[in-house]
Amino acid sequence: VSGTLWAERQVIEVDSAVPGNFYVTGNVYFQPDSDSTAAVVIKNAAGTSTIFNVDSTNSQVEMTGRVGINDTSPDAILDVVGVGTLKIEHGEDTTNAIYVTADALTTGKGLFVNSDSNSTGTRDLVLFQNDNTAAVNTTVLHVKNDAIAATKTVIIESTAAEINPLLELKN
């Protein structure tokens, strides 16, 4: 800690860095003196890599600020950069593991997955996998469209010049 440390009933002036652990019980609030692209930063022990960065200068749709994990200049409300970027382990048994709602969506996408890799290696852009052979009542992919007189529910499109099967069924 360097500078002024405000406690509930006291103000402590700190003029040197003190190594060691710092424990806080109760709520912790951070409010910078002014908005910054690095309002709150957590670095590795060597101080050479930013692990967590809060940008309080940029805003999107009534929300102020952006958070970057391994990203010093986040360009979304949450911007995660890295190898094996996001892992969600869900311990609940009857709720949705990931729930995305986009009720104000007009022309955008509810979920957009994009790969611009020029690698010719074999890969799956999206894989839904049920690994347990006993889970015989599992529906691996369920597509539902409640729109009355919907013109399209599933579109499979390719811009490849060669004629390849767009849909392959395996057993």
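As a reminder, the structure under discussion sits directly above these lines.
From a predicted model like this one, the values you see are computed outputs, not experimental measurements.

## Focus: the overall build of the protein chain
Of the regular secondary structure elements, the protein chain holds 0 helices and 6 strands. When the helices and strands of the protein chain are read in sequence order from the N terminus, they spell out β-β-β-β-β-β. Considering the protein chain as a whole, with its 171 residues, one finds that 6% of them fall into the buried category. Expressed as a percentage of contacts within the protein chain between residues at least 6 apart in sequence, the contacts between residues at least 24 apart total 2%. Of the accessible surface of the protein chain, which amounts to about 16100 Å², a share of 51% is contributed by carbon and sulfur atoms.

## Side note on the side chain of S56
Take S56: it is sitting in strand β4 (residues 50-60). With relative accessibility at 12%, the residue S56 sits in the buried group. In terms of polar contacts, S56 uses its side chain to reach the side chain of D35, at 3.2 Å. Once you skip the residues sitting within four places of it in the chain, S56 turns out to touch P32, D35, S36, A39, T64 and G65.

## Quick look at the environment of L141
Mapped onto the elements of the fold, L141 is located in the segment after β6 (78-80). With a relative accessible area of 55%, L141 lands in the exposed category. Considered as a pair, L141 and F128 are 13 residues apart in the sequence and their alpha carbons are 7.4 Å apart.

## Let's talk about the side chain of N53
For N53, the location among the structural elements is in strand β4. Accessibility expressed as a relative area gives 2% for N53, which makes it buried. Side-chain polar atoms of N53 contact the backbone oxygen of T37, separated by 3.1 Å. Within the structure, N53 has its side chain in polar contact with the backbone oxygen of T72 (distance 3.3 Å).

## Some remarks on the pattern of salt bridges
Scanning all chains against the criterion turns up 3 salt bridges. A salt bridge links K144 to D146, with the shortest nitrogen-to-oxygen separation between them at 3.9 Å. Accessibility expressed as a relative area gives 62% for D146, which makes it exposed.

## Considerations on unusual backbone geometry
One non-glycine residue, N70, lies in positive phi territory at about 60°. Of note, N70 is situated in the loop between β5 (63-69) and β6.

Cut-offs and rules
Residues numbered from 1 in each chain as written. Predicted model: local features only at pLDDT ≥ 70, side-chain atom pairs only at ≥ 80, totals over all residues. Heavy atoms only, no water. Helix = DSSP H or I, 4+ residues; strand = E, 2+ residues; numbered from the N terminus. Buried < 20%, exposed > 50% of the residue type's maximum accessible area, 1.4 Å probe, protein only. Contact = heavy atoms within 4.5 Å. Areas by Shrake-Rupley, 256 points an atom, 1.4 Å probe, with all protein chains shown as cover. Polar contact = N/O pair within 3.5 Å; in protein donor to acceptor, adjacent residues only side chain to side chain. Salt bridge = Lys/Arg side-chain N within 4 Å of Asp/Glu carboxyl O.

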